[in-house]
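Overview (structure and organization)
The residues making up each chain are set out below.
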Amino acid sequence: MSSAAPSDSDIVVNERTALLDAGQQGQKKATPLPKLQIAILLLALLVEPIASQSIYPYINQLVSELDITGGDERKVGYYAGLIESLFFATQALTILQWSRTSDRVGRKPVLLLGIFGLSLSMLCFGLSRTLWGLILSRCITGALNGNIGVMKSMMGELTDSTNMAQGFALMPVAWSLGATIGPMIGGILESPQQHFPNIFPGAFWTEFPYFLPSAVAAAFAVTCFLAILFFLKETLPRQQTLEKSTSALDGEALNIPENAVEDSPVSIRSLFVPSVLIPIANYGCIATLEIAMFALQPLFYSTPIELGGLGFDPVTIGLWMGAFGIVNGVLQTMIFAPLVNKFGPKTVFRFCEASFIPIFALFPITNIVARQYGINWLVWFLLTCSLLLGVFMDMTFGCILMFITAAAPNKRSLGATNGLAQMTASIVRAIGPATSTSMFAYSVQHKLMGGYAVYAVLVTMSAFAMRIAARLPGSSEKKS
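Here is a short report on the structure shown in this document. (Residues numbered from 1 in each chain as written. Predicted model: local features only at pLDDT ≥ 70, side-chain atom pairs only at ≥ 80, totals over all residues. Heavy atoms only, no water.)

Attention now moves to empty space enclosed by the protein. Tallying each qualifying case throughout the model produces five cavities of 30 Å³ or more. Empty space within the largest cavity amounts to approximately 190 Å³. Breaking the lining of the largest cavity down by element, the ones donating at least two residues are α8 (147-158), α9 (164-189), α14 (274-302) and α18 (377-407). Split into classes, the residues belonging to the lining of the largest cavity amount to eight nonpolar, no polar and four charged. Quantified by volume, the second largest cavity comes out at close to 130 Å³. (1 Å grid on protein atoms, 1.4 Å probe; cavity = no way out; pocket = protein on both sides within 12 Å on 5 of 7 lines; lining within 4 Å. Points joined across faces, edges and corners; volume = space filled by probe spheres on them. Helix = DSSP H or I, 4+ residues; strand = E, 2+ residues; numbered from the N terminus. Nonpolar A, V, L, I, M, F, W, Y, C, P; charged D, E, K, R; others polar.)

Next up, the structure:
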């Protein structure tokens, strides 16, 4: 996203590749990030993890209270996974169209509509006391939320080759902060009539014990809506077409290839090429593994020790999952950009992706220790090891976003490229929670591999994902 004028027929394509090479050059002075615009964008990025993950500490308890399972605790995982998956299933159906729309009408209107819809649906979720009410509100949340692909496009437009690693390093940090706040909101504020009886008396809070965390998430979304409305500037270069056509009337001076011109979005079909699909495939792999991990964590924490978990209550689950977000945010801010600058995005990506294997292996090991000795210091040590490995795991997203941004044919197609990537991630994230939690329940119910078969499957999938990562382009390979 350099501001230098093009001087040859390959300038736009090489500009995109420079985003990946910047990690190893270190010769250019980094352009200062536009702090206010980045801050508002990161504030908006907090909304989705808060909305999606605030339900995690109490979703299993909610399913049990609604008597969906007929009193069989072993079936809770099936329904909890279904409710968690619906957000991403409906998001997958609409996010590509939202992203393509942002390439035409602008990023800001799409962001505003998505956040407004999300705030309403969270209120509906908190007032739902039936399975169908939960399903409907969760579907509305996902269908109206095309924000994440648009925000990644905006980050790409707000940065250039000298500061891109810094910019994209902040996105996982913001997500981690949201992943910290979300579970804490859900874990601390659920059933307020029990935890804070003097502040929340009355029959309403008894009838709707999960409305307060949903209302807080919705209020935060409204705050972000107002910040975007009044302070966020549009980043889509709407006037580039006119300016370029006026300055290049002779045509011969620039001779830019059709697929490299930055004046109009390209067709979806033109994105189905290896240079775009390989980064997207890798994004899909890590999204599958990540959502499986996050869906299994609250189920593993809440399930009784004798059934393969740790038997934590919702408050403990919320605080521990929130601790991950704090540690992740701090370490990502400190080490991600230096690591990418020193080793390049591909090396960092492959190293961090390998951390999925020990993360999944630690689940059964922790349960075995808990069965033998109860919840002691060794269990917390293993959970801490898993938490630190999760920090490295999360760095894969900052790296792969750099590859996806570099793969976009031009700036006016950045939304479509990110939309295609996010649609892929949403599809696997829709399948992931229900599949992983169902595998957990099935493994426990039928005692497959001692109830630990789900982790063997996920370790195998992690090894397969590492092979796909080998096909990413090297950071010094230039397109021409």
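Next comes the rest of the description.
In this section: the packing of aromatic side chains. Scanning the entire structure with this criterion turns up 20 aromatic pairs. A centroid spacing of 5.1 Å and a plane angle of 80° characterise the contact between F300 and F363, whose relative ring orientation is edge-to-face. With a gap of 63 residues between them, F300 in helix α14 and F363 in helix α17 (residues 356-373) connect regions that are remote in the sequence. F363 carries the same exposure label as F300, and that label is buried. On the basis of an interplanar angle of 15° and a centroid distance of 6.2 Å, the ring pair of F356 and F360 is categorised as stacked. Of this pair, F356 and F360 both sit in helix α17, separated by four residues, roughly a single helical turn. With a relative accessible area of 0%, F360 lands in the buried category. Among the aromatic residues, those joined into a cluster by ring pairs are F300, Y301, F312, W320, F356, F360, F363, W380, Y452 and Y455. (Phe/Tyr/Trp six-rings, centres within 6.5 Å; stacked < 30°, edge-to-face > 60°. Buried < 20%, exposed > 50% of the residue type's maximum accessible area, 1.4 Å probe, protein only.)

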